[in-house]
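A structural walkthrough
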Amino acid sequence: MTDTTDIKFSDESMALINNLIKRYPEGKHKSALLPVLHIAQAEFDGWLSVPVMDKVADILNIQPIEVYEVASFYSMYNLKPVGKCLIEVCRTSSCWLRGANDIVAHIEKRLGIKDGETTADGKFTLKTVECLGSCGTAPMLQIGEQFYENLTLEKVDELINNPQLVAKHSTYLDHTTFRKN
Amino acid sequence: MGRKVLLEHINEAGIQGYDVYRSKGGYASVEKALKTMAPDAIVEEVKKSGLRGRGGAGFPTGMKWSFLAKPEGVPRYLVCNADESEPGTFKDRYLMEHIPHLLIEGMITSSFALGANTSYIYIRGEYFYLVRILEKAIAEAYANGWLGKNILGTDYSLDLYVHPGAGAYICGEETALIESLEGKRGNPRIKPPFPAIAGLYGCPTVVNNVETIAAVVPVVNMGGDEYAKIGLGRSAGTKLISASGHIKKPGVYEIEMGITVEEFIYSDEYCGGILNDKKLKAVVAGGSSVPVLPADLILKTANGEPRLMTYESLADGGFATGTMLGSGGFIVMDESTSIVQNLHTFARFYHHESCGQCSPCREGTGWMEKILHKILDGHGTLEDIDLLWDIQRKIEGNTICPLGDAAAWPVASAIRHFRSEFEDFVKNPTAHREVKYYFHCNNLDTAASYSSL
Amino acid sequence: MQLENDMAKVTIDGIQIEVPDGTTILNAARMIGPDVAPPTMCYYSKLKTSGGYCRTCLVEVTKGSEKDPRPMPKLVASCRTTVMDGMEVSNNTSAKVKDARAGVVEFLLLNHPLDCPVCDQAGECHLQDLGYEHGNYKTRTDFERRTFDKIDIGDKVQLHMTRCILCYRCVKTAEQITDGRVHGVINRGDHAEISTYVAQAIDNDFSGNVIDVCPVGALTDKTFRFKSRVWFTKPVDAHRSCDTCSGKVVLWYQGEEVLRVTGRKDEWGEVEEFICNTCRFDKKKTSDWTIEGPRKINRHSVIAANHYTNLVKPKEFKLNEIKQITE
Ligand SMILES: Cc1cc2nc3c(=O)[nH]c(=O)nc-3n(C[C@H](O)[C@H](O)[C@H](O)COP(=O)(O)O)c2cc1C
Ligand code: SF4
Ligand code: SF4
Ligand code: FES
Ligand code: FES
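Residues numbered from 1 in each chain as written. Chains lettered and ligands numbered in written order. Predicted model: local features only at pLDDT ≥ 70, side-chain atom pairs only at ≥ 80, totals over all residues. Heavy atoms only, no water.

1. Quick word on the pairing of strand 3 (residues 58–63) of chain C
Residues and elements named next belong to chain C. Within strand 3, five of the six residues are buried, leaving the element largely enclosed by the surrounding structure. Bridge count between strand 3 and strand 5 (residues 87–90): three bridges; the pairing is antiparallel. The residue of strand 5 that forms the bridge with V61 is V89. (Buried < 20%, exposed > 50% of the residue type's maximum accessible area, 1.4 Å probe, protein only. Helix = DSSP H or I, 4+ residues; strand = E, 2+ residues; numbered from the N terminus. Pairing = 2+ DSSP bridges.)

2. Things to note about the pairing of strand 2 (residues 124–129) of chain A
Residues and elements named next belong to chain A. For strand 2, the buried fraction is high: six of the six residues fall into the buried class. The alternating pattern of strand 2 places F124, L126 and T128 on one face and T125, K127 and V129 on the opposite face, and all of these are buried. Of the pairings in the sheet, the one linking strand 1 (residues 85–90) to strand 2 comprises six bridges and is parallel in character. Its bridge partner lying in strand 2, C85 is registered against F124.

3. Points about the site of ligand 1
Residues and elements named next belong to chain B. Neighbouring residues of ligand 1: 19 residues in total, closest G55, N81, N208, N209 and T212. A distance of 2.7 Å is found between an oxygen atom of ligand 1 and a backbone nitrogen or oxygen belonging to G55. In the environment of ligand 1, an oxygen atom lies 2.6 Å from a nitrogen or oxygen atom belonging to the side chain of T212. Per-element tally for the shell around ligand 1: the top contributor is strand 4 (residues 205–209), with three residues. For the shell around ligand 1, the class distribution of residues is five nonpolar, eight polar and six charged. (Near = heavy atom within 4 Å. Polar contact = N/O pair within 3.5 Å; in protein donor to acceptor, adjacent residues only side chain to side chain. Nonpolar A, V, L, I, M, F, W, Y, C, P; charged D, E, K, R; others polar.)

4. Re the packing of aromatic side chains
Taken as a whole, this structure holds 25 aromatic pairs over all chains when the rule is applied. Arranged with centres 5.9 Å apart and planes meeting at 85°, the rings of Y253 of chain B and F264 of chain B form a pair that is edge-to-face. Note that Y253 of chain B is positioned in strand 8 (residues 251–256) and F264 of chain B in helix 11 (residues 261–266), a separation of 11 residues in sequence. Since its relative accessible area comes to 12%, Y253 of chain B is described here as buried. Given the relative accessible area of 0%, F264 of chain B is considered buried. What links up through ring pairs into an aromatic cluster is the set Y24 of chain A together with Y77, Y120, Y161 and Y201 of chain B. Taking the ring centre of Y127 of chain B as reference, the NZ or CZ of R124 of chain B above it sits at 5.4 Å. (Phe/Tyr/Trp six-rings, centres within 6.5 Å; stacked < 30°, edge-to-face > 60°. Lys NZ or Arg CZ within 6 Å of the ring centre and 35° of its normal.)

5. Quick look at the environment of G364 of chain B
Structurally, G364 of chain B is set in helix 16 (residues 359–376). Relative accessible area serves as the criterion here: at 0%, G364 of chain B is assigned to the buried category.

6. What to know about the domain arrangement of chain A
The assigned domain composition of chain A is domain 1 (11–79) and domain 2 (85–166). Between the C-alpha centres of domain 1 of chain A and domain 2 of chain A there is a distance of 27 Å. (Domains from an automatic or database assignment.)

7. Considering the pattern of salt bridges
One pass over the structure, following the stated rule, counts 62 salt bridges over all chains. Measuring nitrogen to oxygen at the nearest pair gives 3.0 Å for the salt bridge that ties E182 of chain B to R189 of chain B. On the basis of relative accessibility, which here comes to 9%, the residue E182 of chain B falls in the buried class. Ionic pairing is found between R146 of chain C and E363 of chain B, a salt bridge with its closest N-O pair at 3.1 Å. Taken together, the residues span two chains, with R146 of chain C in the loop between helix 3 (126–134) and strand 6 (151–153) and E363 of chain B in helix 16. For R146 of chain C, a relative accessible area of 18% puts it in the buried group. Salt bridges sharing partners connect three or more residues here, namely D390, R393 and K394 of chain B together with D99, E106 and R140 of chain C. (Salt bridge = Lys/Arg side-chain N within 4 Å of Asp/Glu carboxyl O.)

8. Here's the deal with the site of ligand 2
Of all residues adjacent to ligand 2, which total 13 residues, the nearest are C355, C358, C361, T399 and C401 of chain B. Residues of the shell around ligand 2, tallied by class, amount to eight nonpolar, five polar and no charged.

Right under this line is the structure:
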């Protein structure tokens, strides 16, 4: 187990985690692992380092390997650092039929990076993904919680030029997502 | 206009919120169920309604419910499958976004019928903005006494929670979903035991799709017999169809089962015809997993009868000339579409999504993608087409879960119906790769040419 | 006396046997004998919930049961399917099974390095046997194979992931017979790998057993001192009194020297009893042990045949022959 003394969740996140654990029956706290990893990713720069995962194992009282196994299975967890703005472009059938490859190519050209890479200034990461359930509004991309749909190259340019998107790490959820049970 | 029972009030301003939903008769099914019906009577109504699972397999819901084991002193669970990741499918998202209380209401009525006191909605992680919406709706339901202890003064109590996934199509498979809900990798379980006997935390569990659970609301409200009159024969009720691809009006449509495929594609009430009035080439009628059919076979069965939007008619002819209703993900391809390239996106998808537990799917999906990639790169041979056929054949039926089949069927059907196109591609790859595809982003006047692979 | 309804009659490749309810098709077939038992790569009778992954043990159920005689629509994994009274099963007699099994072998070998000449496991590798008995000879792929670097997990065990077939046995071993599992399966699909994720030793009393359960040469004994092919070594049964385990082992000699110590494997290639790390790694002198005598190797494997090329394919049953046997 790595040294996790530097890993501290905010009070709000810890409160949320404790709240989430209560959603599952006594002794089934491992169930909270997926949402807790999302919270961890939101709190620590959009990715999961080994110490962060070890901290999660500690909080949920499970073996670190159980966390690694899960974190490496699901595509939304990043096991390497990512840019502030993580652009996820769908390229499956319906999006492909409507020009997703053009969108990917355009972003690659604009940012000077390839699929899976991060810009040198650490602002953008481009990741192609599989169907995100926006096939009727294809082509589309997702940044954090937000879906951007019916894309055109112009819309993509607007997005890339929007300084707000790189102001902080794009994350999927925070403590406001869940109600208090 | 076909009958609507799920999306009847969808255009009502404010239907997303509790007050408007309630004023339109929302939560009536909970009142009726808890105050006037025994749990088993509800299961009986669902049986009579002929409602079939809307998640893809079309298994009769009432029958599934009646399999649920009820050992003394062991909790039972209802888990809603909101993982919706089958390419071409976005109906559950639409329903949860625009009328979330319908799902909450269905969850309460169904949980009561099954005797579950804790229920979960497992939603795909990418739908995080919907987690917010659902959490809000659930909070409203608690605040108004529809959830929590002693609902409506009865001795029935229910807690309902949303559980987000984290990006894995396989978690739509019900036992993988259960594993994931337990905080593990989404590896499908080896059956038996089935979830009805040992599911979540080893307890009896029912997993149902969002749309199935929502449909329990009209079933209970109008009674099973009335519901069974909607639709056609064994395809009772309405179905949400997610329409995408080269059509004028992509979107989610609630159809009464039994309309013709032709009406669905061409009428203004639904898809509005093919984009730019091009010719129809092929359709994937029920989400990426079901066999693709060429235009003539999707519009008419092999016997020349009009093909209908029902479980039976779409399956008419078996896999030789038919397909499946599946999840209702209706992907339309116009004459300019390369079937080979489209298939490559599917093959890549299944390769990406295989959980890796069993060898035919783990190794076979990657192999098929590589071969298709090789063909697209212009290095394919005629033998590669036969090899693809042989690989899919050796995956199908030999895996732990149906993802293996789902990966095999698109390949099999594309080769079965479009073999000559594969052969052409292999013989003359440059010509095929240089075809320009035009896309027209919904109602925006920007068309971009597309040629890159 | 067994009550009648506690037993089920099942027919496998035309041979009938009566087994207790709840027995799997595989175990029923094993009771009949090695010629009808389907090959296994992931099932391990000593590990709970093992099996189901590799799909080499697929069989055809031509009759479901006396009550419901319909055949099963798909081939089933015999290691995870229990028998029903009156069930009829085809294994070697089914063309479908042969075809599917050849497919499974091809899938398992697709990314396998085929480096048998330099692999420690050569000679006692189940994949080697399987490929020989059930595979096709020509490979149909020219894509690059997946490769990984060899890594040491502690000073006793080496992991060569490239050879792994993801049978999950070592994971279940760690989970069920050691305390505190530190290795597992990470990543997904064909990127999945056995790993500790962060460099870590698998180190506790029973961790060495992962070597014995591994059907291929992915987990090997780093203390196996002199590189030697197994068929040049002489297996001898021996025991010692041990506080942690049964102390019943096999010593593998070359000349006077104990090259390695393993558990005793039965005719299915499974250890009879798990042994502790002290017996396995630290007791390599003849004086540490009471020698019982030469180990009998029953399996039709390379060790028994002594030369891989001498291996004969197992005889296939023709239906008419089987009838005679049973009559
Ligand atoms: C690979 C795979 C993915 C699936 N994905 C979904 C899904 O996203 N949503 C869903 O409702 N059912 C999905 N299913 C079907 C479920 O396993 C299950 O049959 C369904 O949730 C049952 O609900 P229903 O009877 O209401 O349809 C999937 C099945 C497989 C094999
Ligand atoms: S068929 Fe594929 S997804 Fe299903 S269990 Fe096997 S490897 Fe996993
Ligand atoms: S390392 Fe060996 S025992 Fe472990 S999963 Fe791989 S093949 Fe099986
Ligand atoms: S195919 Fe892109 S969102 Fe469905
Ligand atoms: S031994 Fe039965 S599936 Fe592997």
